[in-house]
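Each chain is listed here by its residues.
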Amino acid sequence: MPQINPLTKIIGLSSVLAAGFLLIVLAGAIYGNWFPVVAVIIFGFAHLPILITQHFENNYDDFMSEAAGYAIDLGRFLSSFLLTTGIAFPLILNHCHILTKVATVLTISGGLLVYGTVVTFASFFDADSEEATFEI
Amino acid sequence: MDNGRLFKFSAFKLPNSATVRAVGVYLSGALYAIGFWVMVDAAIYSKSVNASVVHVTFIDWIPAICSSFGMLIVNSIEKSRLLSSEGGFGSSSTTWQARLVLFLGFSLLAIGISGSFLVLILKFLVKNFTSFPTVGMGVSNVVSNACIMLSCITLWIVQNLEDDYSYSLAL
């Protein structure tokens, strides 16, 4: 992968983040129903458990014990749970006639953009410190 | 050259255990979330747009709660305690405790899945609520518990994989 200027990365990511927030606010403002903001908060925090447990792994890897592996598993489990929650939340609101179909689609796409921004941002600055590639 | 290969064509290479482990854990979390939110969806639906006389009450939540506790118990057990009955660190009393607690966990899972069918049959089908938007609340109960059980099975299988991964990292 060619080396990208960090400034370009940050500008690109922030514009994607702004597009995500635009979709969310649009979904909220068109119908005067601000539940999509809750969904975007969930999407924004969905990558946090992986980051926390990776921090644990990096600091205590001198004794690569089984507990570190379990912590990573727990982080992945929670992160996947939160991401699925973020996708399921607008669908449930749509099913219960609280959000319209357009607002649901806008919320999910905006939330995925926000989540993608967070993940890409974290992986960029991991890749700077060490030579680790992006892994699932 | 490669003796550890399973298929004749190298196109069918099985992914290594670290990838399988990561994907399995992600899948398990997603399945648990689906199970949980399907149940919450039934409750919100019952409160907001339900036109029938049946409503989701605390009874409907009991199977999901049992399944969740069972999943928590089953996946908290230290797996190496189960097999080592002699030698090593685990004395035989620890092994028996582990087996007993594991049995409790699997019983809770079984209670969850059978209890959801019980709720579906006793609360909906027997009382002739068989048209779809109403019986959907019972069906979602079954779907929820099945998803939680699948999530538990996935997590269990993935954690019991032979991991050459952690050894290769330790060396």
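No experiment lies behind these values; they were computed from the predicted model shown.

Participant: Can you lay out the overall build of chain B for me, pointing to particular residues and giving the numbers?
Facilitator: Counting its regular elements, chain B contains six helices and zero strands. Start at the N end of chain B and walk to the C end: the helices and strands fall as α-α-α-α-α-α. Going through the 171 residues of chain B one by one, you find that 40% of them count as buried. In chain B, once contacts between residues fewer than 6 apart in sequence are set aside, the share between residues at least 24 apart is 78%.

Participant: Quick rundown of the nonpolar core? Include the residues and the values.
Facilitator: Grouped together as the largest cluster of nonpolar side chains are 35 residues, with contacts concentrated most on F77 of chain A together with Y32, W37, M71 and F124 of chain B. Listed by contribution, the elements that provide at least two residues to this core are helix 4 (66-95) and helix 5 (101-129) of chain A together with helix 1 (17-48), helix 2 (58-76), helix 4 (92-125) and helix 5 (132-159) of chain B. Residue contacts for F77 of chain A: discarding those within four places in its chain leaves V25, S28, G29, Y32, M71, S151 and L155 of chain B.

Participant: Give me the layout of surface pockets: which residues, what numbers.
Facilitator: Taken as a whole, the second largest pocket holds about 400 Å³ of empty space. Listed by contribution, the elements that provide at least two residues to the lining of the second largest pocket are helix 4 of chain A together with helix 2 and helix 5 of chain B. Residue classes in the lining of the second largest pocket are distributed as eight nonpolar, four polar and three charged.

Participant: Please set out the interface of chain A and chain B residue by residue, giving values where relevant.
Facilitator: Between chain A and chain B, the residue contacts involve 19 residues of the former and 25 residues of the latter. In this assembly, chain A packs against chain B so that about 2,000 Å² is buried in total across both faces, 72% of it on carbon and sulfur atoms. Scanning the region where chain A abuts chain B turns up one salt bridge. With a shortest N-O distance of 2.7 Å, R21 of chain B and D73 of chain A are connected by a salt bridge. If you look at where chain A meets chain B, you find five residue pairs in polar contact (both at pLDDT 80 or more). By residue class, the composition of the side of chain A that touches chain B is 10 nonpolar, six polar and three charged.

Participant: For the packing of helix 1 (residues 6-31) of chain A against helix 2 (residues 35-45) of chain A, give the residues involved together with the corresponding values.
Facilitator: All names here are of chain A. Axis separation between helix 1 and helix 2 bottoms out at 7 Å; the angle between their running directions is 150 degrees. With respect to each other, helix 1 and helix 2 are oriented roughly antiparallel. Contact residues: F21, I24, A27 and G28 in helix 1; P36, V37 and V40 in helix 2. Among the residues making up the contact of helix 1 with helix 2, the classes are represented as six nonpolar, one polar and no charged.

So, how was this worked out
Residues numbered from 1 in each chain as written. Chains lettered and ligands numbered in written order. Predicted model: local features only at pLDDT ≥ 70, side-chain atom pairs only at ≥ 80, totals over all residues. Heavy atoms only, no water. Helix = DSSP H or I, 4+ residues; strand = E, 2+ residues; numbered from the N terminus. Buried < 20%, exposed > 50% of the residue type's maximum accessible area, 1.4 Å probe, protein only. Contact = heavy atoms within 4.5 Å. Core = buried A, V, L, I, M, F, W, Y, C linked by side-chain atoms within 4.5 Å. 1 Å grid on protein atoms, 1.4 Å probe; cavity = no way out; pocket = protein on both sides within 12 Å on 5 of 7 lines; lining within 4 Å. Points joined across faces, edges and corners; volume = space filled by probe spheres on them. Nonpolar A, V, L, I, M, F, W, Y, C, P; charged D, E, K, R; others polar. Buried area = accessible area lost by both parts, 1.4 Å probe. Salt bridge = Lys/Arg side-chain N within 4 Å of Asp/Glu carboxyl O. Polar contact = N/O pair within 3.5 Å; in protein donor to acceptor, adjacent residues only side chain to side chain. Axes fitted to C-alpha atoms, helices over the stretch in contact; angles between N-to-C directions. Parallel < 35°, antiparallel > 145°, perpendicular 65-115°, else oblique.

So yeah, pure geometry; function would need other evidence.
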